[in-house]
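One-letter residues, chain by chain:
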Amino acid sequence: MTLQTPQPPPSALRAVLAALDDESALSKPAAAALRHTPGPLLPAHPLAVYVLEGSALGTARRTGWRFLIKHGTGGVVAAAEVAETAGGHAFSHFAAGPYLDSTVQALRQAWQLAQGSRTIRLPRLLSMPGHYATALWLNGSAPDGGDDLLIPLSPAPLGVTAHRIYHAAELLAALERPPLGGTAVLLGQG
C-alpha cells in the first residue's frame with residue numbers, strides 16, 4: 001500500500017497560518033499548549049475531515065481540514081480545524097486531547113502498512129458522531145469502497161479496539177451492533 005499524502009487547498013493552509021498569528025485565536029483554552037512552546041509553530045500532516053452521519057461510508061461528507069500543529073522539530077502540541085465554507089476555508093478552532101497522539105500513532109501504522117505494497121490509499125480523518133468515534137480512514141481505489149480501511153483512534157467506543165486496522169465494512173458493522181451483543185438498556189427504567 002502506498003499512502004498518497006493529501007495536499008490541502010492553499011486557502012485552508014492560509015487560514016491555519018493566520019490563526020497561529022492571531023492573539024484572539026491563541027487565547028482560547030484549547031490553544032493553551034500553543035502559547036507556551038519553544039520554537040516556531042508549524043502546521044503538519046493535513047487530513048481532510050469527513051463526517052459520517054449514517055452507516056454507509058460513501059455518504060460521508062467532507063467538512064474541512066485538520067492540521068496537526070508541531071512546535072519546531074518537536075512533537076505535536078495541538079490540532080487546528082479549518083471548515084469549508086461557501087467563501088472558501090475558515091479557521092474553526094484549535095483542539096487538544098487524546099486524539100492528537102492517537103492520530104500520530106495511526107499515521108505511523110498507516111505508513112508501516114504502506115511499506116512494500118502497491119495499493120494506493122489516501123489518508124483522511126473520519127468523524128462518526130453518532131458512535132462517538134473518530135478513525136483514520138485509508139481510502140482505497142475501489143469505487144465501492146470495498147478496499148477501504150479504518151483505524152479507530154483512542155479513545156474508541158465500547159466493542160471497538162483502538163488502533164486495530166479494520167476493513168471499513170467490518171468496523172461500520174461492529175458500530176451498528178448494540179454493545180455486548182444485547183439490546184440497549186435505558187438507565188433509570190425498570
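Bear in mind the structure is a predicted one, so any value in this text is a computation, not a measurement. (Residues numbered from 1 in each chain as written. Predicted model: local features only at pLDDT ≥ 70, side-chain atom pairs only at ≥ 80, totals over all residues. Heavy atoms only, no water.)

Undergrad: Help me understand the overall build of the protein chain, please; the structure alone is not making it clear to me.
TA: Helix and strand content of the protein chain: 5 helices and 9 strands. For the protein chain, the N- to C-terminal ordering of α and β elements is β-α-α-α-β-β-β-β-α-β-β-β-β-α. In terms of overall size, the protein chain behaves like a compact globule, its C-alpha atoms giving a radius of gyration of 18 Å where 190 residues would be expected to give roughly 16 Å. Across its three principal directions, the C-alpha atoms of the protein chain cover 50 × 50 × 35 Å. Within the span of the protein chain, comprising 190 residues, buried residues form 42% of the whole. A fraction of 49% describes how many contacts in the protein chain between residues 6 or more apart in sequence connect residues 24 or more apart. With the model as given, the accessible surface of the protein chain reaches about 10300 Å², and the carbon-plus-sulfur share is 56%. Counting 13 positive and 12 negative side-chain charges, the protein chain places the centres of these two groups 4 Å from one another. (Helix = DSSP H or I, 4+ residues; strand = E, 2+ residues; numbered from the N terminus. Rg over C-alpha atoms; globule rule 2.2 N^0.38 Å. Buried < 20%, exposed > 50% of the residue type's maximum accessible area, 1.4 Å probe, protein only. Contact = heavy atoms within 4.5 Å. Areas by Shrake-Rupley, 256 points an atom, 1.4 Å probe, with all protein chains shown as cover. Lys, Arg positive; Asp, Glu negative; His and termini not counted. Charge placed at Lys NZ, Arg CZ, Asp CG, Glu CD.)

Undergrad: For this particular structure, what's the right way to read helix H1 (residues 10-20)?
TA: Owing to its 3.6 residues per turn, the α-helix brings residues three or four apart onto one side. Burial in H1 covers these residues: Ala-12, Ala-15, Val-16, Ala-19 and Leu-20. For H1, the arc enclosing every buried residue in end-on projection is 135°, short of the 170-degree limit, so these residues lie on one face. Across from the buried face of H1, at angles greater than 90 degrees, the exposed residues are Pro-10 and Arg-14. Contacts made by the buried residues of H1 are with helix H2 (23-26), helix H3 (32-35), strand E2 (41-51), strand E3 (61-71), strand E4 (76-85) and strand E5 (88-95). (Arc of directions from axis to C-beta.)

Undergrad: How should helix H5 (residues 168-176) be read in this particular structure?
TA: All of the buried residues in H5 are Ala-168, Leu-171, Leu-172, Ala-174 and Leu-175. For H5, the arc enclosing every buried residue in end-on projection is 160°, short of the 170-degree limit, so these residues lie on one face. Elements in contact with the buried residues of H5: strand E6 (120-128), strand E8 (149-152) and strand E9 (166-167).

Undergrad: Honestly, the environment of Lys-70 in this entry has me stumped. Any pointers?
TA: Among the secondary structure elements, Lys-70 is positioned in strand E3. According to the relative accessible area criterion, Lys-70 is partly exposed, its value standing at 25%. For the pair formed by Lys-70 and Leu-47, sequence separation is 23 residues and the distance between their alpha carbons is 15 Å. When residues no more than four places from it in sequence are discounted, the contact partners of Lys-70 are Pro-40, Leu-41, Leu-42, Ala-44, Gly-75 and Val-76.

Undergrad: Quick question: what am I supposed to make of the pairing of E6 here?
TA: Moving residue by residue along a regular strand, the side chains alternate between the two faces of the sheet. Strand direction decides the pairing type here: strand E1 (residues 2-3) and E6, joined by 2 bridges, are parallel. Its bridge partner lying in E6, Thr-2 is registered against Ile-120. Across 7 bridges, E6 lies against strand E7 (residues 133-139) in antiparallel orientation. Residue pairing for E7: Leu-122 is matched across the bridge by Asn-139. The antiparallel hairpin formed by E6 and E7 contains 4 residues in its connecting segment, where Tyr-132 sits at a positive phi of about 50°. (Pairing = 2+ DSSP bridges.)

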